[in-house]
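# Geometric and topological summary
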Amino acid sequence: MDNDKAEPMTSTRQYFKRLIKNIFIVTMYPIYLIHLGLSRIGDKDGTFQSFSQGLSLIPGKLGIYIRAAFYRLACPGTSDEILIGFLTVLSHQNTTIERGVYIGPQCNIGKCTIKADTLLGSGVHILSGKSQHNFESMETPIQEQGGTYTKIEIGHDCWLGNGSIVMANVANHSIIAAGTVVTQAEVDEGSIFAGNPARLIKNRSAQIDQPTT
């Protein structure tokens with residue numbers, strides 16, 4: 001009997017939550033159109049980053065709903081069933097955030113795909129690969145040498161701890177400990193990494209500690 005009552009209540013909550021999200025999408029559509037127009041006459045990523053910076057300043061639930069709606073409209077394959085915290089900025093429009101992702105406050109998100117149900121703590125930085133700046137020439141300023149932006153993939157059901165820096169793919173179900181710096185190729189599924197540079201601690205499936213030497 002109690003279960004029969006609980007199911008309609010859950011469905012009602014989901015219905016109203018979906019309704020609220022749809023209202024925010026409609027409300028944000030004119031902002032998205034302004035962004036779209038400006039991006040066509042100026043630098044696309046620069047325009048997107050400016051809008052992201054502005055939206056990051058809106059606190060509380062209002063900010064969460066507004067950011068989810070805008071990124072759903074502006075970013076390819078992005079869900080509005082996401083939570084992006086206060087002062088978190090996205091640097092590239094070509095960023096995909098899937099359903100159930102939580103991104104904490106004060107993060108800097110580069111060009112990436114973040115798959116479903118992944119959690120990012122506060123102050124996490126996801127860089128667009130590790131070749132954003134060329135520096136071979138001593139005669140040319142580094143800022144004029146260009147670079148390559150790579151779309152990094154963070155897998156499904158991962159946890160990136162506070163202050164971690166990631167510039168390489170992270171496989172499904174992996175954990176990156178707080179303060180860890182990931183620079184190398186994709187880590188194995190279910191891996192737990194810590195340190196700078198990142199070092200394998202154990203695998204969640206095997207739960208076998210790795211040697212420390």
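Since the model is a prediction, treat every value here as computed from it, not as a measurement. Counting restarts for each chain: residues are numbered from 1 in the order of the written sequence. Reporting of local features is limited, given that this is a predicted model, to residues whose pLDDT is at least 70; pairs of side-chain atoms are given and counted only at 80 or more, and all residues count toward the totals for whole chains, interfaces and linings. By convention in this description, side-chain values take in all heavy atoms of the structure and omit both hydrogens and water.

Okay, the side chain of Arg67 next. Think of it this way: any DSSP run of H or I at least four residues long counts as a helix, any run of E at least two long counts as a strand, and we number them from the N terminus. Within the secondary structure, Arg67 is located in helix α3 (residues 60-74). For the buried Arg67, which has no salt bridge, the nearest side chain bearing the opposite charge is Asp80, at an N-O separation of 14 Å. When accessible area is computed with a 1.4 Å probe and restricted to protein chains, residues below 20% of their type maximum are described as buried, those above 50% as exposed, and intermediate ones as partly exposed. Charge assignment in this entry is limited to Lys and Arg as positive and Asp and Glu as negative, and neither His nor the chain termini are counted. We define a salt bridge as a side-chain nitrogen of Lys or Arg found within 4 Å of a carboxyl oxygen belonging to Asp or Glu.

Bringing the nonpolar core into the picture now. We call a set of buried residues a nonpolar core when its members are Ala, Val, Leu, Ile, Met, Phe, Trp, Tyr or Cys and they connect through side-chain atoms within 4.5 Å of each other. Counting residues in hydrophobic clusters, the biggest one holds 39 residues, and the most contacted among them are Ile103, Ile109, Ile114, Ile126, Ile154 and Leu160. At the level of secondary structure, the elements contributing two or more residues to this core comprise α1 (2-41), α2 (44-56), α3, β6 (112-114) and β9 (152-154). At eight residues, the largest contribution of residues to this core is made by α3. Contacts were defined at the residue level, with two residues in contact if any of their heavy atoms lie within 4.5 Å. Other than its neighbours up to four places away in sequence, Ile114 contacts Thr96, Ile97, Glu98, Val101, Ile103, Ile109, Leu120, Ile126 and Ile154.

Low pLDDT means the predicted coordinates in that region are not meant to be read closely. Confidence in the prediction of the chain, expressed as mean pLDDT, is 88, and 85% of residues score 70 or more. This stretch, residues 208-213, has a pLDDT under 50; its non-local contacts, to residues over four places away or in other chains, come to ten contacts. The predictor's confidence in any single residue is recorded as pLDDT, a number from 0 to 100.

Further remarks concern the sheet that holds strand β7 (residues 119-120). What holds strands together in a sheet is hydrogen bonding between their backbones, with the strands either parallel or antiparallel. Whether two strands pair comes down to DSSP finding at least two bridges between them. Read from one edge to the other, the open sheet built from seven strands follows the order β1-β4-β7-β10-β12-β14-β15, with strand pairing classed as mixed. Of all strands in the sheet, those with a lone pairing partner are β1 (83-84) and β15 (199-203), marking the two edges.

Orientation is described by lines fitted to C-alpha atoms, with helices fitted over the stretch in contact, and by angles between N-to-C directions that extend from 0 to 180 degrees. The interhelical angle for the contact between α2 and α3, taken along N-to-C directions, is 165°, at an axis separation of 10 Å. Relative to α3, the element α2 is oriented roughly antiparallel. As α2 packs across α3, the resulting crossing turns out to be left-handed. Along its contact with α2, which presents Phe48, Phe51, Ser52, Leu55 and Ser56, the element α3 presents Ile66, Arg67, Phe70, Tyr71 and Ala74. Orientation labels follow simple angle bins: below 35 degrees gives roughly parallel, above 145 gives roughly antiparallel, 65 to 115 gives roughly perpendicular, and whatever is left gives oblique. Left-handed is the label given to a crossing in which the near helix is rotated counterclockwise from the far helix by less than a right angle, and right-handed is the label when the rotation is clockwise.

Structurally, Ser52 can be placed in helix α2. Leaving out residues up to four positions away in the same chain, Ser52 has contacts with Tyr71, Thr88, Val89 and Leu90.

Relative to strand β14 (residues 191-194), strand β12 (residues 175-176) is paired through two bridges, and the arrangement is parallel. From the neighbouring strand, Ile175 faces β14, where its bridge partner is Ile192. Here four bridges tie β14 to β15, and the two strands are oriented antiparallel to one another. Residue pairing for β15: Ile192 is matched across the bridge by Lys202. Between β14 and the antiparallel strand that follows it, β15, lie four residues; Gly195 among them carries a positive phi value of about 100°.

Centres within 6.5 Å are what make two rings of Phe, Tyr or Trp a pair, Trp counting through its six-membered ring; a difference in plane orientation under 30 degrees is then read as stacked, over 60 as edge-to-face, and the rest as tilted. As enumerated under the stated definition, the model contains seven aromatic pairs in all. Ring centres of Phe48 and Phe70 lie 6.3 Å apart, and the angle between their planes is 20°; this geometry places the pair in the stacked category. Of this pair, Phe48 sits in helix α2 while Phe70 sits in helix α3, placing them 22 residues apart in sequence. Phe70 shares its class with Phe48; the two are buried. Phe70 gets classed as buried once you look at its relative accessible area, which sits at 0%. Cluster of aromatic residues (ring-pair linked, three or more members): Phe48, Phe51, Phe70 and Tyr71.

Given the number of residues in a helix, its expected span is that number minus one, multiplied by 1.5 Å. For α2, with 13 residues, the first-to-last C-alpha span of 18 Å sits near the 18 Å given by 1.5 Å per residue. Looking only at α2, the buried set comprises Thr47, Phe48, Phe51, Ser52, Leu55 and Ser56. Here α2 starts with a cap whose side-chain oxygen sits 2.5 Å from the backbone nitrogen of Gly46, and that cap is Asp43. The definition of a polar contact used here is a pair of N or O atoms within 3.5 Å, where within protein one atom must be able to donate a hydrogen and the other to accept one, and adjacent residues in sequence count solely through side-chain atom pairs.

With omega at 0°, the peptide bond leading from Asn196 into Pro197 counts as cis. Tracing the backbone shows Pro197 in the loop between β14 and β15. Unusually for a residue other than glycine, Asp157 sits at a positive phi of about 60°. Note that Asp157 resides in the loop between β9 and β10 (159-160). Given the relative accessible area of 30%, Asp157 is considered partly exposed.

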